[in-house]
Amino acid sequence: EGEPQDCRNLPYNHRYHCNERPHDMVFSYTGGTCDQSNNVQSSDIFQCFDFQGGPPTEAGTTAFITVTDILGVIVYHAGTVEVSAEYNVKNPPFPPFVVESRMNITVWTSSNTIPENMLQTLVFESSCNQNLFQFDRFGAHLLVFETQDLVGYVVELTLTMNITNSPQGLDASLQALTTETSFDLFDFTDSSLLDFNDYINGVILKPGTTLTPAPTFDIFIDPATVTFFLTNLEARDPRGNRCQDADYLSISSIPFPPCSVCGRGLVVTRPEAIFDFLDYPGQPRVSCKELELGEFGLLPSYLCLKLPSLIADVCGCRQL
């Protein structure tokens, strides 16, 4: 709760500084030009150049992508990739089993890698000299996973909750209050569980009243990622009937611009339709209106690659 803050100005905790080059990396190919790059690497280290207008961004468009060391001797990836698809950068099968510190990614129109088929080429640093963060953007490529330790921060967070019993309800005996944390809104299987039962033990919530627990705890935040909090409440009425409720919020330290909840150029036409995260256990059912997350249907960029394809049919996504 509270006003947004610049997470890059939080006190730096050296325990989370990386100590080796990555073993593996996963990039999402989004298309687009060099000017959309967003990372902390200095301009003399990260360099990006577009040709022929740069890689296209239209859905279904493919390109041939090569990832090599700076000399082009070690090939980590070479293959055709579709816009919005992910591709892997694998470590070499020889010591030291990590990628080179200076790396090149080049996008071509086809597997015929001649100069006139080049759409974009860039150089970046994978070593701890220039730290990598989840969701760093390098031209047409978004870093979504890597196996080195990341720079991060431990911050004190107060999570304020409002638990209200309807005026038409019965006495509610609060039974359980927990919050799960995850870096993926759609996957809480590897989440961490925070137990807040001490805040509701023995509480009988009368109709029309509100309880506002505000637990404070420490949490690790990567300065370029998102942490989701899924809070679950369980209660019983005097007849022994069990009721549950859930809600979620997120903390984002990603500085990228938002996109439409339906995707570029699309809007929700069925705001009252309900999207049920059937394939993602533990997620609440939400209306398409709630998913819009704002008056103009914008959502944070960390969901831009996932959510539009999931809700398109249910929410009636259509061209503006």
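For the structure itself, look to the data block above.
Residues numbered from 1 in each chain as written. Predicted model: local features only at pLDDT ≥ 70, side-chain atom pairs only at ≥ 80, totals over all residues. Heavy atoms only, no water.

S.K.: Give me the environment of Thr106: which residues, what numbers.
M.R.: Here Thr106 is to be found in strand S6 (residues 102–108). Look at Thr106 and you get buried, because its relative accessible area is 3%. Spatially, the C-alpha atoms of Thr106 and Gln120 are 5.6 Å apart, while their sequence positions differ by 14 residues. Not counting residues up to four positions away in its chain, the partners in contact with Thr106 are Phe64, Ile65, Thr66, Met118, Gln120 and Thr121. Polar contacts involving the side chain of Thr106 include one to the side chain of Thr121, which spans 2.9 Å. (Helix = DSSP H or I, 4+ residues; strand = E, 2+ residues; numbered from the N terminus. Buried < 20%, exposed > 50% of the residue type's maximum accessible area, 1.4 Å probe, protein only. Contact = heavy atoms within 4.5 Å. Polar contact = N/O pair within 3.5 Å; in protein donor to acceptor, adjacent residues only side chain to side chain.)

S.K.: Provide a residue-level description of the nonpolar core, including the pertinent values.
M.R.: Counting residues in hydrophobic clusters, the biggest one holds 26 residues, and the most contacted among them are Met25, Phe27, Tyr29, Tyr87, Val89 and Phe124. Contact partners of Phe27, with chain neighbours within four places excluded, come to Ala85, Glu86, Tyr87, Val89, Ile105, Phe124, Phe138, His141, Leu142, Leu143 and Val144. Formed by 15 residues, the second largest nonpolar core is a distinct cluster that contains Leu157, Leu159, Ala172 and Leu205. (Core = buried A, V, L, I, M, F, W, Y, C linked by side-chain atoms within 4.5 Å.)

S.K.: An account of the pattern of salt bridges is needed here, citing residue identities and associated values.
M.R.: Evaluation of the coordinates by the stated rule reveals two salt bridges. Put simply, Glu234 and Arg242 hold a salt bridge, and the shortest N to O gap is 3.0 Å. Taking the relative accessible area as the measure of exposure, Glu234 reaches 18% and is therefore buried. (Salt bridge = Lys/Arg side-chain N within 4 Å of Asp/Glu carboxyl O.)

S.K.: I'd like a description of the pairing of strand S1 (residues 24–29), backed by residues and values.
M.R.: On a regular strand, one side chain projects to one face of the sheet and the next to the other, so that they alternate. Burial runs high along S1: six of the six residues are buried. Where S1 and strand S5 (residues 86–90) come together, five bridges link them in antiparallel fashion. The partner of Met25 across the bridge, within S5, is Val89. (Pairing = 2+ DSSP bridges.)

S.K.: Tell me about the environment of Cys315, and name the residues and values.
M.R.: Relative to the helices and strands, Cys315 resides in the loop between helix H2 (307–311) and strand S24 (318–319). Sequence separation between Cys315 and Ser287 is 28 residues, and the spatial gap between their C-alpha atoms is 8.5 Å. Look past the residues within four positions of Cys315 in its chain and what remains in contact with it is Val268, Thr269, Arg270, Cys288 and Leu291.

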